[in-house]
Amino acid sequence: MSHFLELLKINGKLLLRNKGFLFFLLITPIVSVIIMNLHVNLSFYEEEQKEREIQEISGEDKVVYLNNWSDYAVKVYDGAGTELSEYVLEKMADSGMFSIYRMDAGDMTEAEVQKQAEKDAMNDRMGTILYVKPDFDENVMKGNWEEAFLFYQVSEDERWELWEDSFSGELSSIYQVAQGTGGTKEQILTILQGIQENLPQQEIISLEGKDSVTLSAEQSSKRGLAGYAYAIITLGFLFCGVCIAYTVIEERENKVYTRIMLSKVGRYEYLMSKLVMSVLISVLQTMVMALCMFVAGDTDFGISKSDFLLFIFLLGLMFSLLSMCAGILIGDVMGANYAVFAVWSISALLAGLYFPIDTASGAIKAISYLMPQRWFLKGTEMLMVGDKSAYPMIACVTCAYLIVILSVGVIGLKMKESDGA
């Protein structure tokens with residue numbers, strides 16, 4: 001046991017003197033956490049939220065330049081400017097089906113609005129033009145809808161019927177509350193807002209298909225960032241494993257390995273010290289990752305921090321052992337670097353860490369499940385939607401890969417020694 005601990009101590013000193021090892025040990029976890037803290041998704045959701053709000057425009061603005069092609073655009077000439085008209089337009093915008101672009105028409109007559117609407121129909125692009133008349137509130141509460149607003153259907157988009165039904169539904173709600181209570185406009189608005197606040201809030205966690213789980217837009221964004229983080233950290237694990245292999249290669253070239261074998265240290269004790277160093281490297285990089293996450297503070301991974309660190313540790317076990325075995329079998333540091341870089345780039349690409357492979361061919365999808373990262377990314381998706389079966393799946397995958405890597409490594413070493421003999 002004392003010889004084993006001495007070997008670990010010597011190996012640790014050799015690795016700490018290696019600047020390349022220190023670089024990958026420290027920098028790759030830091031870069032991974034930086035990637036996880038990118039707020040690209042926040043700008044996306046801010047823009048999405050902006051599109052769901054009523055957008056104020058002037059007479060010179062064109063909807064065609066403001067609207068994206070997927071939304072049904074509605075240009076509103078608001079001649080009322082009341083709280084009830086504001087409530088209706090906000091409800092239509094909040095539905096997420098329509099983009100509302102409002103222009104103040106308080107100083108325009110109905111004839112002027114009609115003339116401008118004809119001009120917009122020829123020179124702009126939208127689905128509907130809505131004119132909210134000045135006496136909108138009174139006519140809606142009495143049920144005189146034809147005197148409350150005017151529609152101008154500009155396009156032949158079939159979503160016109162959806163807009164008309166939704167808008168009429170909101171007016172019906174106002175009319176029913178007005179007839180049922182006989183209150184003032186302020187009271188009616190208070191009742192409508194109270195009804196809206198008391199409605200049950202729904203949250204979409206996931207959309208489950210036959211064979212897969214479809215993430216929400218926010219979860220997909222976090223899943224993409226997790227993929228980049230996994231890619232960076234596995235690069236560090238691979239090259240740290242090569243550093244361990246480098247010590248073995250140097251010891252063989254300098255006859256240190258022969259002197260060790262002639263001492264009381266056995267071959268398996270020597271190999272075990274290298275394996276334990278791989279495990280310690282995984283632990284160290286995971287600890288560095290945890291420290292970076294603590295410094296970063298409110299990092300949102302889509303899954304718990306403990307789960308994320310567990311996945312990082314298990315990935316480190318596999319990839320550091322893989323690169324160490326590959327480096328020892330190749331017997332050349334430069335060749336080992338080329339090999340592990342090729343393994344990293346190809347496996348990360350096929351695992352879908354950079355680009356989703358949901359629409360790839362069946363052959364590509366089948367090959368992707370041979371990559372360890374693919375299973376960890378799938379486990380991340382499962383945990384995002386609360387599927388706890390990800391834990392036994394990841395445990396089985398990790399054990400399977402470790403058995404394969406160690407078996408191939410031992411067989412390769414025996415064949416290499418037999419050829420050398």
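For the structure, see preceding data.
Parameters and conventions
Residues numbered from 1 in each chain as written. Predicted model: local features only at pLDDT ≥ 70, side-chain atom pairs only at ≥ 80, totals over all residues. Heavy atoms only, no water. Helix = DSSP H or I, 4+ residues; strand = E, 2+ residues; numbered from the N terminus. Buried < 20%, exposed > 50% of the residue type's maximum accessible area, 1.4 Å probe, protein only. Areas by Shrake-Rupley, 256 points an atom, 1.4 Å probe, with all protein chains shown as cover. Pairing = 2+ DSSP bridges. Contact = heavy atoms within 4.5 Å. Axes fitted to C-alpha atoms, helices over the stretch in contact; angles between N-to-C directions. Expected span 1.5 Å × (residues − 1). Arc of directions from axis to C-beta. Core = buried A, V, L, I, M, F, W, Y, C linked by side-chain atoms within 4.5 Å. Left-handed = near helix turned anticlockwise from the far one by under 90°. Nonpolar A, V, L, I, M, F, W, Y, C, P; charged D, E, K, R; others polar. Phe/Tyr/Trp six-rings, centres within 6.5 Å; stacked < 30°, edge-to-face > 60°.

Peer 1: Lay out the overall build of the protein in plain terms, naming residues and giving numbers.
Peer 2: Scanning the protein from terminus to terminus reveals 17 helices and seven strands. Taken across its 421 residues, the protein has 43% of its residues classed as buried. As presented, the protein carries roughly 22,500 Å² of accessible surface, and 60% of it is formed by carbon and sulfur atoms.

Peer 1: Lay out the sheet that holds strand β3 (residues 98-104) with the relevant residues and their values.
Peer 2: Within the open sheet, the five strands sit side by side as β1-β3-β2-β4-β5. Their pairing is mixed. A strand with exactly one partner marks an edge of an open sheet, and here the two such strands are β1 (55-56) and β5 (149-153). The pairing of β1 with β3 spans two bridges and is classified as parallel. By the bridge assignment for β3, E56 is matched with R102. With respect to the sheet, helix α8 (residues 159-181) is in contact with β2 (72-78), β3, β4 (128-132) and β5, its orientation differing from that of β5 by roughly 170°.

Peer 1: Describe helix α6 (residues 110-123), naming the residues involved and giving the relevant values.
Peer 2: In a regular helix each residue adds 1.5 Å, so 14 residues correspond to 20 Å; α6 covers 20 Å between its end C-alpha atoms and thus fits that length. Regarding α6, the residues found buried are V113, Q116, A117 and D120. Considered in projection along α6, the buried side chains sweep an arc of 110° and stay on one side of the axis. In this structure, α6 carries A111, K115 and M122 as exposed residues pointing more than 90 degrees from its buried face. Tucked into the core, α6 has its buried residues touching β2, β4 and β5.

Peer 1: Describe the nonpolar core, with residues and values.
Peer 2: Within the largest apolar cluster, 67 residues are counted, with the highest numbers of intra-cluster contacts made by Y230, M289 and F308. Looking at this core, the elements that each hand over two or more residues are α1 (2-16), α2 (19-36), α10 (217-253), α12 (267-296), α13 (305-330), α14 (333-350), α16 (372-384) and α17 (390-420). Of all the elements, α10 adds the most residues to this core, at 16 residues. When sequence neighbours within four positions are dropped, the list of residues in contact with Y230 reads F308, F311, I312, L315, L353, F376, L377 and T380. Counting residues in each nonpolar core, the second largest holds 29 residues, with V74, L84, L89 and F149 among its members.

Peer 1: Explain the packing of α13 against α14 to me, and be specific about the residues and the numbers.
Peer 2: Helix-helix packing is characterised by the crossing angle of the two axes and by the distance between the axes. In the contact formed by α13 and α14, the axes pass within 9 Å of each other and the chain directions differ by 145°. Helix-helix and strand crossings are classified by hand; for α13 and α14 the assignment is right-handed. Across the interface between the two elements, L322, S323, G327 and I330 of α13 pack against G335, A336, A339, V340 and V343 of α14. Class assignment for the residues of the contact of α13 with α14 results in six nonpolar, three polar and no charged.

Peer 1: Summarise the packing of aromatic side chains; cite the residues concerned and give the values.
Peer 2: For the coordinates displayed, the defined rule picks out 15 aromatic pairs. Look at F151 and W163: their rings are 6.1 Å apart centre to centre, the planes differ by 65°, and that puts the pair in the edge-to-face class. Here the residue F151 occupies a position in strand β5, and W163 occupies one in helix α8, the gap between them amounting to 12 residues. Take F151: its relative accessible area is 21%, and that puts it in the partly exposed class. With relative accessibility at 0%, the residue W163 sits in the buried group. Between Y230 and F308, the aromatic rings sit 5.6 Å apart at their centres with planes inclined by 20°, giving stacked as the arrangement. A residue pair is termed long-range when its members are at least 10 positions apart, and Y230 in helix α10 and F308 in helix α13 qualify at 78 residues.

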